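Summary of structural features
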Amino acid sequence: MPFTSEHLQTYQRDGYVVVRNLFTEAEVERLYSLAVGDTVLSTKTYDRVDASGMKTKLALWYALDESLYSKFARSARIVEGVEQILGGRAAHYHSKLMQKEPRTGGAWEWHQDYGYWYKNNGFLFPDMLSVLTALTPATKENGCLQMIKGSHKMGRVEHGFSGEQVGADMEKVNEALKIMPLEYLEMEPGDTAFFHCNTLHASAANLSDKPRWSIITAYNLASNKPYKDVHESSYIPIESFDGDLLAETEAGISETADFLVKR
């Protein structure tokens, strides 16, 4: 299913929208299989500890290369939706592989992506969003995304540390939850969520016996160049990829993909 004008209207109203079956089961299975066996990704993966001490694993990189992950991030199916939302040319800020392992994967505290990107990365305008594609089923039991519907209209909320994570001011979050609906985004592999950088979201720990893996790419309006922590890809317009992901030569990520190193 392509990104439509109806999806755009939902996104503008709610701060997020899920496009079902944006990618096929075969495409997602290929990407997941590649990720599971990718030795470079494995060595670049690190932990983030939540407020209760549980750990979520992720690998994050900024530069696009010739890997299947980069072709996925440049997929016309995603980029066309992103550019409808942003109203102009999109740039790739970063991609990350999220890995919540069975019974051990930690929570992500309530936050806005822009709460971090504004303060630490120097993006002056919230002309940014994230796009998450489920690589495995995402359920309440294994810690799927939770969204506060309409919270992007609150603007940027102050953030501080919660465990090793950056979390939103919980006074504001709790007040938002009194007047705005909370939705659990249960997703099947290939379903894709587009969400505004100011939408308050979280996810619970994975207490199930099933993994929850997803790939998330953050996009920026190309003219919204940051003034610190600058990565070139964040302001260079993306050249979208129209090819067949299944026909591409399988390629893992390169060592030079400009990975984030945990400090």
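Residues numbered from 1 in each chain as written. Predicted model: local features only at pLDDT ≥ 70, side-chain atom pairs only at ≥ 80, totals over all residues. Heavy atoms only, no water.

Stated precisely, the cut-off is as follows: UniProt positions are given in the numbering used here, feature names are shortened, and annotations may be inferred rather than shown by experiment.
The name an unreviewed UniProt entry gives the protein chain is Phytanoyl-CoA dioxygenase family protein, with Larkinella humicola as the organism. Reading the Cofactor (unreviewed entry) entry of the UniProt record for the protein chain gives the comment "Fe(2+)".

Things to note about the overall build of the protein chain
Definition in use: Going along the chain from the N terminus, every DSSP run of H or I of four or more residues is numbered as a helix, and every run of E of two or more is numbered as a strand. Between the two quantities, the radius of gyration covers C-alpha atoms and the globule rule is 2.2 Å times the number of residues to the power 0.38. Relative accessibility thresholds used throughout: buried, under 20% of the residue-type maximum; exposed, over 50%; partly exposed, between the two (1.4 Å probe, protein chains only). Two residues qualify as a contact provided that any one of their heavy atoms is within 4.5 Å of a heavy atom in the partner residue. Computed with a 1.4 Å probe, the accessible areas rest on the Shrake-Rupley method; for each residue, only the protein chains presented here act as cover.
When helices and strands are tallied, the protein chain shows seven helices and 13 strands. Here the C-alpha radius of gyration of the protein chain, 17 Å, is about what a compact globule of 263 residues would show, namely 18 Å. Taken along its principal axes, the extent of the C-alpha atoms in the protein chain is 50 × 40 × 35 Å. Within the protein chain, the fraction of its 263 residues that count as buried is 55%. A sequence separation of at least 24 residues applies to 85% of the contacts in the protein chain between residues at least 6 apart. By element, 51% of the accessible surface of the protein chain is carried by carbon and sulfur atoms, the whole surface being about 11500 Å².

A word on helix α6 (residues 113–121)
Within α6, the full set of buried residues consists of Asp113, Tyr114, Gly115, Trp117 and Asn121. Of the residues one or two after α6, Gly122 is the one with positive phi, at around 80 degrees.

Comments concerning the nonpolar core
Note the threshold: We call a set of buried Ala, Val, Leu, Ile, Met, Phe, Trp, Tyr and Cys residues a nonpolar core when their side-chain atoms join them within 4.5 Å.
Formed by 41 residues in total, the largest nonpolar core has its most connected members in Leu41, Trp61, Tyr69, Ile78, Val82, Leu129 and Phe194. Dropping the residues within four chain positions of it, Tyr69 is found in contact with Leu31, Leu34, Ala35, Asp38, Leu41, Trp61, Ile215, Gly252 and Ile253.

Re the layout of surface pockets
Stated formally: Only protein atoms enter the 1 Å grid used here, on which a cavity is any set of points holding a 1.4 Å probe that cannot leave and a pocket is any open set flanked by protein within 12 Å on both sides along at least five of seven lines; residues with an atom within 4 Å of a point are listed as lining. Grid points are joined across faces, edges and corners, and a volume is the space filled by probe spheres set on the points. Think of it as three bins: nonpolar holds Ala, Val, Leu, Ile, Met, Phe, Trp, Tyr, Cys and Pro, charged holds Asp, Glu, Lys and Arg, and polar takes everything else, Gly as well.
A volume near 1000 Å³ is recorded for the largest pocket. Lining the largest pocket are 43 residues; nearest its centre among them are Arg48, Leu60, Tyr116, Val166 and Leu260. Among the elements that line the lining of the largest pocket, the one with the most residues is α6, at seven residues. Class assignment of the residues belonging to the lining of the largest pocket gives a composition of 19 nonpolar, 14 polar and ten charged.

Points about the packing of aromatic side chains
The geometry of an aromatic ring pair is captured by the separation of the ring centres together with the interplanar angle, meaning the angle of the planes. Applicable threshold: A pair of Phe, Tyr and Trp rings is counted when the ring centres sit within 6.5 Å of each other, with Trp represented by its six-membered ring. The angle between the planes then sorts it: under 30 degrees is stacked, over 60 is edge-to-face, the rest tilted.
The full count for this structure, using the stated rule, is nine aromatic pairs. Taking 6.0 Å as the distance between ring centres and 55 degrees as the angle between the ring planes, the aromatic pair formed by Trp61 and Phe259 counts as tilted. Of this pair, Trp61 sits in strand β3 (residues 55–61) while Phe259 sits in the segment after β13 (212–221); the two residues are 198 residues apart in sequence, bridging distant segments of the chain. Accessibility expressed as a relative area gives 11% for Phe259, which makes it buried. Relative to Trp117, the ring of Tyr93 has its centre 5.6 Å away and its plane inclined at 85 degrees; by these criteria the two rings are edge-to-face. Taken together, the residues span a long stretch of sequence, with Tyr93 in strand β4 (residues 90–100) and Trp117 in helix α6 at a distance of 24 residues.

Some thoughts on empty space enclosed by the protein
Going through the model one piece at a time under the given rule, you end up with one cavity of 30 Å³ or more. The volume enclosed by the largest cavity comes to roughly 30 Å³. Residue lining of the largest cavity: Glu27, Arg30, Leu31, Leu68, Phe72, Leu245 and Leu246, and that is the complete set. Of all the secondary-structure elements, those providing two or more residues to the lining of the largest cavity are α2 (25–36) and α4 (68–73). Looking at the lining of the largest cavity, the element that brings in the most residues is α2, giving three residues. When its residues are assigned to classes, the lining of the largest cavity shows five nonpolar, no polar and two charged.

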